Amino acid sequence: MTNSRILFAAMASALLLTGLGAGTASAVVAEGTSEGTLAQDQNRDDQGEARREMRAGNQLSLREIERRILPQMRGSEYLGPSYDSTARAYRLKFIREGRVTYIDVDARSGRIINRSN
């Protein structure tokens, strides 16, 4: 095992042991893979695009969209959002009685554009 691999393994183990959480450790491990890095970069780009569009007044904030949609999903647990900069849409994920529901919302109007179970 090369010194750099030993150092990488030690750093990943230290992150896990210090309780920084699986998300941080996953980011470190994913850094060694091009697929993980590409997905993380795209996610960051989409989030940045959402912020720019919201600041420019071209679309609603995530908080505003959640304020409109969450009351319609009473009885479901909200698992979180994702943003698609190409479609300019948020996808909100919910679960109820073991069934996952996705609500796609146009970020410009706040209108539901798709609902999938």
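Worth saying up front: this structure is predicted, and the values here are computed from it rather than measured.

**Description of the overall build of the chain**
Piece 1. Across its full length, the chain carries four helices and four strands.
Piece 2. The burial tally for the chain puts 26% of its 117 residues in the buried class.
Piece 3. Partitioning the contacts of the chain with sequence separation of at least 6, the portion at a separation of at least 24 is 31%.

**Observations regarding the pattern of salt bridges**
Between side chains of opposite charge, a pair can form as their charged atoms come close.
Piece 1. Going through the model one piece at a time under the given rule, you end up with five salt bridges.
Piece 2. In this structure, the salt-bridge partner of Arg63 is Glu66, at a minimum N-O distance of 2.5 Å. With Arg63 and Glu66 both in helix α4 (residues 62-69) and three residues apart, this pair spans about one turn of that helix.
Piece 3. For the salt bridge of Glu64 with Arg68, the shortest nitrogen-to-oxygen distance reads 2.9 Å. Here Glu64 pairs with Arg68, and both are found in helix α4, just four residues apart, close to one helical turn.
Piece 4. In this structure Arg68 comes out as partly exposed when scored by relative accessible area, which is 34%.
Piece 5. One continuous salt-bridge network, built from bridges that share partners, spans Glu64, Arg67 and Arg68.

**A look at unusual backbone geometry**
Piece 1. Despite not being glycine, Arg88 has its phi angle at roughly 50°, a positive value.
Piece 2. Residue position: Arg88 is located in the loop between β1 (77-84) and β2 (89-96).
Piece 3. For Arg88, a relative accessible area of 25% gives the class partly exposed.
Piece 4. Not every positive phi belongs to a glycine, and Glu97 is a case in point at roughly 50°.
Piece 5. Relative to the helices and strands, Glu97 resides in the loop between β2 and β3 (99-106).

**So, the sheet that holds β1**
Note: strands within a sheet are paired through backbone hydrogen bonds, in either parallel or antiparallel orientation.
Piece 1. What the four strands build is an open sheet, ordered β1-β2-β3-β4; its pairing is antiparallel. Strand pairing shows two members of the sheet lacking a second neighbour, β1 and β4 (112-116), which therefore form its edges. When strand polarity is set aside, the average angle formed by the axes of neighbouring strands in this sheet is 20°.
Piece 2. One ladder, built from seven bridges, connects β1 with β2; its direction is antiparallel. Each bridged residue has a counterpart across the sheet, and for Pro81 the counterpart in β2 is Leu92.

**Regarding the pairing of β2**
Piece 1. The hairpin turn running from β1 into β2, its antiparallel successor, is four residues long, and Arg88 in that turn takes a positive phi close to 50°.
Piece 2. As paired elements, β2 and β3 share eight bridges and run antiparallel to each other. Along β3, the bridge assignment pairs Ile95 with Val100.
Piece 3. Turn length for the β2-β3 hairpin, with the two strands adjacent in sequence and antiparallel, is two residues, and the turn residue Glu97 shows positive phi of about 50°.

Cut-off values and rules
Residues numbered from 1 in each chain as written. Predicted model: local features only at pLDDT ≥ 70, side-chain atom pairs only at ≥ 80, totals over all residues. Heavy atoms only, no water. Helix = DSSP H or I, 4+ residues; strand = E, 2+ residues; numbered from the N terminus. Buried < 20%, exposed > 50% of the residue type's maximum accessible area, 1.4 Å probe, protein only. Contact = heavy atoms within 4.5 Å. Salt bridge = Lys/Arg side-chain N within 4 Å of Asp/Glu carboxyl O. Pairing = 2+ DSSP bridges. Axes fitted to C-alpha atoms, helices over the stretch in contact; angles between N-to-C directions.

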